[in-house]
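Examination of the molecular architecture
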Amino acid sequence: PCRSVLTVACEQTEVLLFDPISSKHIKTLSEAHEDCVNNIRFLDNRLFATCSDDTTIALWDLRKLNTKVCTLHGHTSWVKNIEYDTNTRLLVTSGFDGNVIIWDTNRCTEDGCPHKKFFHTRFLMRMRLTPDCSKMLISTSSGYLLILHDLDLNKSLEVGSYPILRARRTTSSSDITSSGSSGPRAVGSPCHQNDSGPLSEKHTSRSSQREGGSPRNSLEVLTPEVPGERDRGNCITSLQLHPKGWATLLRCSSNTDDQEWTCVYEFQEGAPVRPISPRCSLRLTHCIEEANVGRGYIKELCFSPDGRMISSPHGFGIRLLGFDAHCSELVDCLPKEASPLKEIRSLYSHSDVVLTTKFSPTHCQIASGCLSGRVSLYQPKF
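The protein has the name DDB1- and CUL4-associated factor 10 in an unreviewed UniProt entry, where Steatornis caripensis is given as its organism. Regarding the protein, the UniProt comment filed under Function (unreviewed entry) reads as follows: "May function as a substrate receptor for CUL4-DDB1 E3 ubiquitin-protein ligase complex." Reading the Pathway (unreviewed entry) entry of the UniProt record for the protein gives the comment "Protein modification; protein ubiquitination."

This is the structure:
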C-alpha cells in the first residue's frame, strides 16, 4: 500500500520482492509454497498473504521474511484469490473448490486463524470485494456473475439459504429470465442445488426485504452481456473493481477460447423500477476486443488508482485504455449504449505472453509480468 515493495507471485513456488523505484531485487522466497503461487495481498504496510495451488494461504511479515507468520489450511483445491476487509480485519479467500472462506486475523496464532466457510458455488474463478466492502462479486467459468449485496461477513451462510433477488440472466432486454422463474438455465448453473433449487420462489418469499433495502447477503445472479457472444457461452476469467466502486471490469473469453473481450459494467443501485421486473445491478458501458494470444492462460487486468484508465495485457505487451480519448472520469462519459474503450497507448517490452499488469497505488508507474518470468516497469517521460 505504501508502494515501497513490489511483490511477484511465480509459477514454481517462489515469491519475488523488488524495490519498484530503483528496480532492485530485494529478496526471493524460494519455497514460499509447495506449488504455484497465485495471488498476493497486503493487509497493511508490513503484513501480506500469499495463496497457492498447494491449497494453503501463508501470512508473511516484511520485517522477518525467513519464516512464515503462519499457514492457513481450509481449502481443498487451488486457492486463487485473496481479499481483505480492513474494517473487520477479516481475510477472505476463494479457490477452485468453489469455497469462499473467511479467516479471523484478529485471533491469528502460529497454528493459523479461526475460519469458516462463507459461500460455495460451482465453477468459481475470481472473487472481489467492493472498496467499501458492501458487496462481494464472484465470477465463474460458466459465464455467471454473482453479487452478494449488503455484505455481512460475520453472518454464516448455508448452501441453498441465500435470499435471492430477482435477477436477469442477461443484460439484453430481449432475453430476460427471472431467477425465480421456471425458464431455461445454462448447464453451468452457479450454485449447488438442493431438492427445490437455490433459486426457487420459496427462498425469495421467505427472505422478505428489510425496510428500505435488500436483506443482508442477498444474492443476485447475472450473465453479463458480452459483445458477439449472444449465441455462445463465455468464461469470466478476470474480475476487478473500480477504485471508487462505480463499476466492475471483466476479461471474458468465449467457450471455444477463440475470442477475448475486456468489458466495463456500471453499477446501477436501487430496486427494480417495477416490482415485477427483474433486478439488474450492472449495465455494459464500454468494451474492446483483445488479442487472442496465449490461449488457456488468464490475463489479469486492472484500473489505475484514480479509475480513469485500464491497463490490459495484450499479446506480448499491455494496452492503456480509457473511457474516452481524454481519459475522463467514467461518470463524465457514460454512453447511452455500450461504446468501445479508447486505446491511449500500447507498451511492448516482453518476448512472451503478458499475464498480469498492475498500477502503482502512489506513483506514475506500471508493472507487467509475462509467461517466461520477466517483470517490466514503466514510467512516463516528462
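There's more to say after this.
Along its length, the protein carries one helix and 27 strands. Counting every position in the protein, which comprises 382 residues, the buried fraction comes to 55%. Working note: accessible area of the protein is about 17400 Å², and carbon and sulfur atoms make up 48% of it.

Bringing the UniProt feature "repeat: WD" (unreviewed entry) in the protein into the picture now. According to UniProt, the positions carrying the feature "repeat: WD" (unreviewed entry) are residues 30-63 and 72-104. The span residues 30-63 carries 0% helix and 53% strand; its end-to-end C-alpha distance comes to 17 Å. Helix makes up 0% of residues 72-104 and strand makes up 64%, while its end C-alpha atoms are separated by 11 Å.

This next bit is on the side chain of Asp53. Mapped onto the elements, Asp53 comes out in the loop between strand S5 (47-52) and strand S6 (56-61). The class for Asp53 is buried, based on a relative accessible area of 11%. When residues no more than four places from it in sequence are discounted, the contact partners of Asp53 are Asp35, Cys36, Asn38, Trp78 and Lys80.

So, about the sheet that holds strand S25 (residues 354-359). Strand order in this open sheet of three strands is S25-S26-S27, and the pairing throughout is antiparallel. The sheet terminates laterally at S25 and strand S27 (375-378), the two strands that pair on one side only. Averaged over all pairs of adjacent strands, the angle between strand axes in this sheet comes to 20°, irrespective of strand direction. Across five bridges, S25 lies against strand S26 (residues 366-370) in antiparallel orientation. Paired with Thr357 across the strands is Ser368, a residue of S26.

Strand order in the open sheet formed by four strands is S8-S9-S10-S11, and the pairing between neighbours is antiparallel. Since the sheet does not close on itself, it has two edges, and those belong to strand S8 (79-85) and strand S11 (115-120), each with one partner. Going from strand to strand, the sheet's axes swing by 25° on average, the running direction of each strand aside. Alignment of strand S9 (residues 90-95) against strand S10 (residues 99-104), held across five bridges, turns out to be antiparallel. The partner of Leu90 across the bridge, within S10, is Asp104.

Moving on, we get to the pattern of salt bridges. Using the criterion set out here, one finds 16 salt bridges in the structure. Glu83 serves as the salt-bridge partner of Arg41, at 2.5 Å between the closest nitrogen and oxygen. Placement of the pair is Arg41 in strand S4 (residues 37-42) and Glu83 in strand S8, with a sequence separation of 42 residues. Judged by relative accessible area, Arg41 falls into the partly exposed class, the value being 27%. Taking relative accessible area as the criterion, Glu83 reaches 6% and is therefore assigned buried. With its nearest N and O atoms 2.9 Å apart, the salt bridge here joins Arg107 to Asp104. Arg107 gets classed as exposed once you look at its relative accessible area, which sits at 55%. Overlapping salt bridges, with partners in common, bring together Arg251, Glu260, Glu290, Lys299, Arg319 and Glu343 in one network.

Ranked by size, the top nonpolar core spans 19 residues in total, and within it Val92, Val100, Phe118, Phe119, Met136, Ile138 and Leu153 carry the most contacts. Every element with two or more residues in this core is listed here: S9, S10, S11, strand S12 (124-129), strand S13 (136-140), strand S14 (145-149) and strand S15 (218-222). With three residues, the top contributor of residues to this core is S12. Among all residues touching Ile138, those that are not within four sequence positions of it are Val100, Phe119, Thr121, Leu124, Arg126, Met127, Tyr144, Leu145, Leu146 and Leu239. Formed by 18 residues, the second largest nonpolar core is a distinct cluster that contains Leu137, Cys280, Leu282 and Leu284.

Relative to the helices and strands, Lys155 resides in the loop between S14 and helix H1 (201-206). On the basis of relative accessibility, which here comes to 36%, the residue Lys155 falls in the partly exposed class. In this structure the C-alpha to C-alpha distance between Lys155 and Phe118, which are 37 residues apart in sequence, comes to 8.0 Å. Discounting chain neighbours no more than four positions away, the residues touching Lys155 are Lys116, Phe118, Arg216 and Asn217.

With four bridges connecting them, strand S2 (residues 15-18) and strand S3 (residues 25-29) associate as antiparallel partners. Among the inter-strand pairings, Leu16 is bridged to a residue of S3, identified as Thr28.

Evaluation of the coordinates by the stated rule reveals three aromatic pairs. Centre to centre, the rings of Phe42 and Phe48 are 5.1 Å apart; their planes meet at 40°, and the pair counts as tilted. Note on accessibility: Phe42 and Phe48 belong to one class, buried. Arranged with centres 6.0 Å apart and planes meeting at 35°, the rings of Trp78 and Phe96 form a pair that is tilted. Of this pair, Trp78 sits in the loop between strand S7 (70-73) and S8 while Phe96 sits in the loop between S9 and S10, and the two are 18 residues apart along the sequence.

Thresholds applied
- Residues numbered from 1 in each chain as written.
- Predicted model: local features only at pLDDT ≥ 70, side-chain atom pairs only at ≥ 80, totals over all residues.
- Heavy atoms only, no water.
- UniProt positions renumbered as here; feature names shortened; annotations may be inferred.
- Helix = DSSP H or I, 4+ residues; strand = E, 2+ residues; numbered from the N terminus.
- Buried < 20%, exposed > 50% of the residue type's maximum accessible area, 1.4 Å probe, protein only.
- Areas by Shrake-Rupley, 256 points an atom, 1.4 Å probe, with all protein chains shown as cover.
- Contact = heavy atoms within 4.5 Å.
- Pairing = 2+ DSSP bridges.
- Axes fitted to C-alpha atoms, helices over the stretch in contact; angles between N-to-C directions.
- Salt bridge = Lys/Arg side-chain N within 4 Å of Asp/Glu carboxyl O.
- Core = buried A, V, L, I, M, F, W, Y, C linked by side-chain atoms within 4.5 Å.
- Phe/Tyr/Trp six-rings, centres within 6.5 Å; stacked < 30°, edge-to-face > 60°.

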